[in-house]
Structures are given as structure tokens and as C-alpha cells.
Amino acid sequence: MTYLYIILLAQLLNGLFFWKGYQKAGRKVWEAFVPFYNTIVFLKIIERPWWWVFLLYLPVIGNIMIIVMTYEWLHVFGYRKKRYTLLSVLTLGIYAAYVMYLPTTNYVGKDLDAIRQNVSSWVSAILFAVVAASGIHTYFIQPYMIPTSSLEKTLLVGDFLFVSKFHYGVRVPMTPLSLPMVHDSIPLIGTKSYLKTPQLPYLRLPALQKVHRNDITVFNWPTDTVRYFRDPSHIHIDKPIDKKSNYVKRTVAIPGDVFEIRDGDVWINGQKEVYPIRAKLQASYVVVTQPNIALTPQLMYQEFGVTDPSGLVAENTYMFTSLTEEVAKTLQNNPNIVSVTRNVNKAGVYNPSIFPHTKVYPWNEDNYGPITIPAKGKTVDLTIENLPLYRRIISVYEHNVLEVKGSDIYINGQKATRYTFQQDYYWMMGDNRHNSEDSRFWGFVPEDHVLGKPVLVWLSINKYASGFNKIRWERMFTTVNGEGEIQSYRYYVFAVLGLFLLYSFLKKKKKTDE
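Residues numbered from 1 in each chain as written. Predicted model: local features only at pLDDT ≥ 70, side-chain atom pairs only at ≥ 80, totals over all residues. Heavy atoms only, no water.

**A look at the nonpolar core**
Next, step 1: Ranked by internal contacts, the top residues of the largest apolar core, which has 33 residues, are Phe-259, Tyr-368, Leu-382 and Trp-427.
Next, step 2: Elements represented by at least two residues in this core include exactly β4 (246-253), β5 (258-262), β6 (265-268), β12 (368-372), α11 (387-397), β15 (408-411) and β18 (425-429).
Next, step 3: Here this core gets six residues from one element, more than from any other, and that element is α11.
Next, step 4: The contacts of Phe-259, once residues within four sequence positions are left out, are Val-252, Ala-253, Val-266, Trp-267, Ile-268, Tyr-368, Gly-369, Pro-370, Ile-371, Ile-373, Trp-427 and Met-429. (Core = buried A, V, L, I, M, F, W, Y, C linked by side-chain atoms within 4.5 Å. Buried < 20%, exposed > 50% of the residue type's maximum accessible area, 1.4 Å probe, protein only. Helix = DSSP H or I, 4+ residues; strand = E, 2+ residues; numbered from the N terminus. Contact = heavy atoms within 4.5 Å.)

Laid out in C-alpha cells, this is it:
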């Protein structure tokens, strides 16, 4: 409904600003005030196709289209210098409205030669490319790079992904005044790439599927307030939802699930979770070697593919933070190894870094819960004891005023003993269980923070290698989610690309011969 109000207000302003122009162009005054129809008439006046109306109403892309259409509107009324468009943009359209009311302003129509002289072809090409790329980036497929090792072995640091926006339903941008194809900051300059206001309400288009348990999912980090992702200077800034840092984790639990961790193993609804073959779970292990046997990082990488450096915690005793169970068993069978023990935090040992950050729930990374994942429409009893679990949901994610007075809880000024959730929530975790900052540390992920589903690794770079070895060829064009071991489709892609280049070459040669 809020979107409708915003659009109707824009239509009213369009009528007030430009009805004189409609009249001077030979149209009826009322045509400037009819919602949506007035935009189609506007496009007829500037001699542009009617389907541009869809581009105009798309957040982010619409910003570019407004500038283009302002230029062409002024053009057909004889104001053909670029400075007139600049002045209109700086005054939020007031200048363009002002000249419509001048008695000297007349409709003169479109002059393509004048446009070509005033706007070079490369500017037009860039604008077209930006609009097309922004549309794909914002509403269909977004590129993403894996920055951390929280999903190591499943996804690698240096993997470049294509993230589908339409699998879970396209989330319409909530921050419309932002630069296209960049996230929260402008590259190189480092300043914000958006204006925080106005904010559009959350809206998601129809989805192909729901978020399934064990899906690898990209989402906006709910508690993110840092200016730059992984910024060591810890400069904090409040961000809109769609400008928070992008995270990628595995959806371990979905709305309504009862989630629990027992001695490092995840249990869902009372059953120990079984993961897809592609999920390469890792944990930290303590490895004790025979005397005079050193497990150097080079040896571990060469023999077992372990990329994390070892930590010597005592004589002949090493701590590895990221070993798969398969590697741990291989080490155990090595005659130079005395023991391999999974490092598990005992139940009841409270870790203050763990959500909900209270001793009422003395949980840690390896023993957690049980906890029920909130679902839209479900109601919970509220008490002072369980309020830490839901405080952020009530006050931050669902925008209520929450107060505690003595032993009583007040929501929006009313005493509350129950609360009904307004949206679904998810529990996200990394496969690298002792090297992942995930829901165990900051809690539930709201539905409106879900961005998309990774579908393809199109490139993978190993920063520790050199030359052609930097490219992990076996990972190119591999699917991310799915059953069975990963398969690369790079040969098919290269074959199609080769055929296209051959076709282009032969076509060009034929034209040359003629």
C-alpha cells in the first residue's frame, strides 16, 4: 500500500509540474493527472516507446531514466543545453516545471541531429549499458565473491559466484537513491554510495521456491553497522537493510524448526541433521604427534590439502581449526600421529559472545539450544527470561517500541505477555564450524534480509598460487547448490564460446570477401 501512495504522489506532482507542457504539446490537461496513463503520454510527447514506463518505475534504474527523460522533455520544448537538465536535476524538477509555465516556452518537437550534436554516441552507449547492467544486477543475477573461509571446502575463498535474485523472489531495492551496480560504498573513493532517505517498504516479488533447509544463501548481515566489511578500524555507521554487508552461509534451520547443537552436531526437530554430499563440514581438532614429528603448514597442505596453518599449543600438540572428518580419520591412521581429538566446548560452559548473550542461556559454539526458529504468524509467550531471544526481533527487525519496567514488558506502550511474529526468520551457519561468524553469534536472519541463492561458480582464484595455477580450473562453471559431487561445465561453456567466435570470424570474413 505504501508503494501505491508513493506512486500516486509522484503522479500528482507530475500533473502539477507538467500539465502546461502537455497542453502546449497538443494534449489534454487532464491527461497529465491520470496515474500511469500520464507517463505513457509523457513518453509520446518525447517520442519514446511506451514500455519505458517499466524502466521508470524500477528503483535505482528509475533514477537514471528520470535524468534521461528530463533531458528529452526539455529538448522537445527547445531547452537543449545540458545545463538545463543539470539545473532541473539539482532543483528536483522544479526548474523543468518553471519553464513549462513561461509564456515563451513552446513545443518544438524532437531533433535527432541536435541530440547527436549535444550528446555524444559514447554517452548514449554508456547510459544504455548502465541501465541494462543495473537491471540484471538488481533484479536477476548479482556477482558475488567469497571473502572469508566460513564455508571453506564447500565454497572457497576466491570463488566468484552468480547469485540468483529470482529463486527466492526479487527483493525490490529499499534504498532507491543509490548508485547502480555498487553496494554500500563507492570503489576507490570509499564514500557512501547511497542516500539513506527516502526508504521504500519491504517488497518481494513472487518466488520460484522457498528457502530450503541446507540451501547456501546470500543475505544482508543483520547486525552490520561497520562502514566497510572487515574494516579493522571499526568505523560504525547505520545502514539500510539492503546496504548491509552481504554474507553467504548455509541455511541450517527454517521457520518453525527446533534447532539444537549437541557436542558440535546440529539437530533439527529432534533428528541429527544429514547434509548433502557437497557440504564439507569442518571443525577444530587437537592433533598429538610422535616425538620429533613436526606438522608444518607446508606438510599439511602437501599431504592432506589443509590450508589453515597449525597452532603449536604444547610439545608435539597442534590445534587445527579447519579439518574435515575425512582428513581427521586419515591423520588418525598415520603412524606418526598419536591421537586426533575433536575440540568440543562442553555443555553448560557459557560463552558471552554467543547469542543471546546472557547467562540465562549458558550456551557455546558446540552446545546450543534448543531454540525454535520464529515463523510469521506464530505467537510466543514473553517473559523477562526469554526476552533476550526476541528483543532484537521486536524492536529492530519489526520496528516496535520495546520497554521493560520492572518485571513487565511493554510493546508500543501496551503491556505485553505474548508476541506474534510479523515475518519469517532463518538460522544461518558456516560449514567451517569453528571459523565462522554466524547465527550462533548474532541470532536470527529476517526474511527481508535474504538476498538470493548462489547458483554458479563462474571463476575461482587461488591467491597463493601464481601464473595459470592461480585459476582453479576444476571449479569454473560449477553449480553451487544441488545433490552429488560438484561438476564443472567449463568445457561446454568453452565449446559454445569457441563456436560463437568461429561464427563471428566466418561472418566477418564473408562480408570482407564480398
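Resuming the write-up.
**Some details on the confidence of the model for the protein chain**
As a general rule, the predicted coordinates of low-pLDDT regions are not to be interpreted in detail.
Next, step 1: Overall, the predicted model of the protein chain reaches an average pLDDT of 87, with 95% of residues at or above 70.
Next, step 2: Of all secondary-structure elements in the protein chain, the lowest mean pLDDT belongs to helix α9 (residues 297-304), at 73, while strand β19 (residues 445-446) reaches the highest, 98. (pLDDT = per-residue confidence, 0-100.)

**Focus on the packing of aromatic side chains**
Next, step 1: For the coordinates displayed, the defined rule picks out 36 aromatic pairs.
Next, step 2: Pairing Tyr-84 with Tyr-95 gives two aromatic rings, centres 6.2 Å apart and planes at 10 degrees, and the pair type is stacked. Of this pair, Tyr-84 sits in helix α5 (residues 82-90) while Tyr-95 sits in helix α6 (residues 94-100), and the two are eleven residues apart along the sequence.
Next, step 3: Relative accessible area serves as the criterion here: at 22%, Tyr-84 is assigned to the partly exposed category.
Next, step 4: Each member of the aromatic cluster is reached from another via a ring pair, and the members are Phe-259, Phe-355, Tyr-361, Trp-363, Tyr-368, Tyr-390, Tyr-397, Tyr-419, Phe-421, Tyr-425, Trp-427 and Phe-444.
Next, step 5: The ring of Tyr-84 has Arg-83 lying over it, and the distance from NZ or CZ to the ring centre is 5.3 Å.
Next, step 6: Here the basic side chain of Lys-405 rests over the ring of Tyr-410, its NZ or CZ set 4.7 Å away from the ring centre. (Phe/Tyr/Trp six-rings, centres within 6.5 Å; stacked < 30°, edge-to-face > 60°. Lys NZ or Arg CZ within 6 Å of the ring centre and 35° of its normal.)

**Some points on the side chain of Lys-239**
Next, step 1: Within the fold, Lys-239 resides in the loop between β3 (216-220) and β4.
Next, step 2: Overall, Lys-239 belongs to the buried group, its relative accessible area being 9%.
Next, step 3: For Lys-239, the side chain forms a polar contact with the side chain of Asp-184, separated by 2.8 Å.
Next, step 4: A polar contact of 3.0 Å, which involves the side chain of Lys-239, links it to the side chain of Asp-224. (Polar contact = N/O pair within 3.5 Å; in protein donor to acceptor, adjacent residues only side chain to side chain.)

**Observations concerning the pairing of β6**
Taken residue by residue, a regular strand's side chains alternate between the two faces of the sheet.
Next, step 1: Every second residue of β6 is oriented toward a common face, the buried set being Val-266 and Ile-268 and the non-buried set Asp-265 and Trp-267.
Next, step 2: The pairing of β5 with β6 spans four bridges and is antiparallel. Along β6, the bridge assignment pairs Phe-259 with Ile-268.
Next, step 3: Where β6 meets strand β7 (residues 271-272), two bridges bridge the pair, whose relative direction is antiparallel. Looking across to β7, one finds that Trp-267 is bridged to Lys-272.
Next, step 4: Hairpin connection between β6 and β7: a loop of two residues separates the two successive antiparallel strands, and Asn-269 in this loop has a positive phi of roughly 55 degrees. (Pairing = 2+ DSSP bridges.)

**Focus: the sheet that holds β15**
Sheet strands line up and pair through hydrogen bonds in the backbone, either parallel or antiparallel.
Next, step 1: Within the open sheet, the three strands sit side by side as β14-β15-β16. Their pairing is antiparallel. A strand with exactly one partner marks an edge of an open sheet, and here the two such strands are β14 (402-405) and β16 (414-415).
Next, step 2: Strands β14 and β15 of the sheet are contacted by α11, whose axis makes an angle of about 140 degrees with β14. (Axes fitted to C-alpha atoms, helices over the stretch in contact; angles between N-to-C directions.)

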